[in-house]
Amino acid sequence: AAEALSHFCLERERRLHRPALERVVKEDASEEAKEAARQALRNFDAAEAEDRAKALLGDWQDLQEGDGHGSSLLERVRLGHLRALVGAPPLLLYNRAFALEAVKRNVRALEYLDPGLWGDRIVIAAALEVGDPLHSGGEFIWQLATEELREDPAFVRQALEINGYALEFMSESQRMDRQLVMAAVRQAGGAPRDARVAVR
């Protein structure tokens, strides 16, 4: 009840303040005032987008739980029917909670999610955990991850602690880094192919 009341108050605040903020942007106000109004509007837009994504996720979760015939979106993902994601609402495809559920069921769903999630360390880490480390799963995930993530030392180490075989798909300098190699060996229980030189 408290959450519903809070949401109602926030919605009311948006409806009351949005027209006033839009007027500030259009009228002959100072640049400082206009920028403050624009930022407030961006915040409103972001909050509304998040609310819509949560609502969509709730709808899909309800569908999944109530559907006994395997026709829900997440069930189709689990069965390998990934093209079902092509027609999913865009807001759903960049929702982290939905992404995590989809990747748990089929790591290849990662390719169909919004590219903005390819830079989300939580989503990529979850995919590495699910992906088959001995086959193409690790390479596929690492190729989709953004360059910023692939070059982030903290995330690289985290990735190797989840999936030591990911070292095989990393840059040459990373494959030759002794500390990263040892992290990969500890996780994989044996040296990945490209780690053996550095281990020596």
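Residues numbered from 1 in each chain as written. Predicted model: local features only at pLDDT ≥ 70, side-chain atom pairs only at ≥ 80, totals over all residues. Heavy atoms only, no water.

Trainee: Summarise the packing of aromatic side chains; cite the residues concerned and give the values.
Mentor: For the structure on display, the rule yields one aromatic pair. Aromatic pair Trp-142 and Phe-155: ring centres 6.1 Å apart, planes at 5°, arrangement stacked. Of this pair, Trp-142 sits in helix H7 (residues 137–144) while Phe-155 sits in helix H9 (residues 153–162); the two residues are 13 residues apart in sequence, bridging distant segments of the chain. The pair formed by Trp-142 and Phe-155 is uniform in burial state, with each residue classed as buried. Arg-108 extends its terminal NZ or CZ atom over the ring of Phe-140, reaching a point 4.0 Å from the ring centre. (Phe/Tyr/Trp six-rings, centres within 6.5 Å; stacked < 30°, edge-to-face > 60°. Helix = DSSP H or I, 4+ residues; strand = E, 2+ residues; numbered from the N terminus. Buried < 20%, exposed > 50% of the residue type's maximum accessible area, 1.4 Å probe, protein only. Lys NZ or Arg CZ within 6 Å of the ring centre and 35° of its normal.)

Trainee: Give me the pattern of salt bridges: which residues, what numbers.
Mentor: Taken as a whole and assessed by the stated rule, the structure comprises six salt bridges. The partner of Glu-75 in a salt bridge is Arg-78, and the shortest N-O contact between them spans 2.6 Å. Remark: Arg-78 and Glu-75 occur in helix H3 (residues 73–78); sequence separation between them is three residues, near one turn of the helix. Its relative accessible area of 44% is what places Arg-78 among the partly exposed residues. A salt bridge links Glu-101 to Arg-105; its shortest N-O distance comes to 2.8 Å. One end of the pair is Glu-101 and the other is Arg-105, both in helix H5 (residues 96–105) and four residues apart, which spans about a single turn. Overlapping salt bridges bring together Glu-101, Lys-104 and Arg-105 as one network. (Salt bridge = Lys/Arg side-chain N within 4 Å of Asp/Glu carboxyl O.)

Trainee: Give me H9: which residues, what numbers.
Mentor: Residues of H9 that are buried include every one of Phe-155, Val-156, Ala-159 and Leu-160, and no others. Buried residues of H9 fall within an arc of 140° about the axis and therefore sit on the same side. Those residues of H9 that are exposed and aimed more than 90 degrees away from the buried face are Pro-153 and Ala-154. (Arc of directions from axis to C-beta.)

Trainee: So what's going on with the environment of Leu-93? Residues and values would help.
Mentor: Secondary-structure assignment places Leu-93 in helix H4 (residues 90–93). The sequence separation of Leu-93 and Leu-117 amounts to 24 residues, and the corresponding C-alpha distance is 8.7 Å. Excluding its chain neighbours within four sequence positions, the residues that come into contact with Leu-93 are Leu-85, Ala-88, Phe-98, Tyr-112, Leu-113, Asp-114 and Leu-117. (Contact = heavy atoms within 4.5 Å.)

Trainee: Mind laying out the confidence of the model for the chain, listing which residues take part and the relevant values?
Mentor: Mean pLDDT over the chain: 75, with 66% of residues reaching 70 or higher. Note on residues 1–10: pLDDT under 50 across the span, and one contact to partners over four residues away in sequence or across chains. Low pLDDT, under 50, characterises residues 196–200; the predicted model gives this stretch ten contacts beyond four residues in sequence or across chains. (pLDDT = per-residue confidence, 0-100.)

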